[in-house]
Amino acid sequence: MATSNNIRVAVHGAAGKVGMEVLRAIAAEQDMELVAAIDRIPQADAPTLPVHVPYYSVLTDAITAGKPDVIVDFTNAEASLPMARVALAEGVRLVVGSTGWTEDQLDYLSALCDEHKSAGVVAPNFALGAVLLTYLAGLVAPYFEYVDVSEEHHEAKIDAPSGTAMGIAKAIHEGRGGDMTRQMPTREPLTGTRGGDYHGISVHSSRMPGRMAHHQVTFGTAGQTLTLRHDTTNRECYMPGVLMAVRKVMDMQGLTVGLEKILDFGPAK
Ligand SMILES: NC(=O)c1ccc[n+]([C@@H]2O[C@H](COP(=O)([O-])OP(=O)(O)OC[C@H]3O[C@@H](n4cnc5c(N)ncnc54)[C@H](O)[C@@H]3O)[C@@H](O)[C@H]2O)c1
């Protein structure tokens, strides 16, 4: 039931795979009101949405009619930046899941948030478990000399290793404050079998149908190994992180990049 205290939320990229999941998640929350579904696809061509919500293919129409407090964006970086420019100028806060933002674009978005005294959260991974895995890997790193990071994704993924695997490798490197020890074979009948090398961290990627997103970190030292693993099975995995960001962004100022920054354990940066 909507009340005046509810957070009014619009979804940009609402006809997409993640956008539809966000519609479902927002509609189920007691303290949120889903006010608009926005997508560039004209309504006549749009897929059937999973919940009843006014649909707009023009952003400004959605903002005028829906008066959202927050827009959740799952489109792509090229689409979310122009949306952000308009939304922030209208006093709307942002939760952005679209990937592909450059550092320059993030700097510009940060300046826009400051200029309009508004707030935004951009997170390349809203899966809480993956964020926790990254954090835990950084904690473990000083106590083990060896580590392998392995990730598995569906065969359509365009990049390898995943951005999350690289984030894990960076957290391990920072947590250790230096390089890991990496064993290289004296004979290598098949090139590349020890994986990519990031500061002594071996990174392996597997691509095949039947997988969504899986990350495993195995640390080794004398007489023991320690394995951390995170598996996702469907897009619901992003929703607790998205809902948390929608609630928190209402009390924030400026741009925050990374879900870990709005969790209490966030590295102080
Ligand atoms: N941050 C995370 O945790 C996370 C998780 C999954 C996906 N993603 C990212 O989210 C984005 C969307 O992923 P997806 O799998 O849902 O893609 P998708 O292609 O299924 O959906 C994208 C939607 O955005 C719409 N769109 C594109 N340009 C638009 C514009 N200019 N204006 C309005 N709507 C526009 C498309 O019509 C489409 O409906 C991608 O960038 C993906 O990498 C992020």
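Residues numbered from 1 in each chain as written. Predicted model: local features only at pLDDT ≥ 70, side-chain atom pairs only at ≥ 80, totals over all residues.

### Remarks on the environment of N76
Within the fold, N76 resides in the loop between β4 (70-73) and α3 (77-89). Taking the C-alpha atoms as reference, N76 lies 19 Å from A62; in sequence the two are 14 residues apart. Once residues within four sequence positions are removed from consideration, N76 is found in contact with S98 and G100. (Helix = DSSP H or I, 4+ residues; strand = E, 2+ residues; numbered from the N terminus. Contact = placed C-beta atoms within 7 Å.)

### Regarding the sheet that holds β4
With parallel pairing, the seven strands of this open sheet are ordered in space as β3-β2-β1-β4-β5-β6-β12. Of all strands in the sheet, those with a lone pairing partner are β3 (55-56) and β12 (254-257), marking the two edges. Direction of pairing for strand β2 (residues 32-38) relative to β3: parallel, over a ladder of two bridges. Bridged to A37 within β3 is Y55. (Pairing = 2+ DSSP bridges.)

### A closer look at helix α6 (residues 163-176)
Across its 14 residues, α6 extends 20 Å between first and last C-alpha, which sits within 8% of the 20 Å expected from 1.5 Å per residue. Those residues of α6 that fall on the buried side of the exposure criterion are T164, A165, G167, I168, A169, A171, I172 and R176. Where the residues of α6 are buried, they touch α5 (128-140), β7 (146-153), β8 (196-198), β9 (201-207) and β10 (213-221). Looking one or two places after α6, you find G177, whose phi comes out positive at around 70 degrees. (Expected span 1.5 Å × (residues − 1). Buried ≥ 20, exposed ≤ 12 C-beta atoms within 10 Å, placed from the backbone.)

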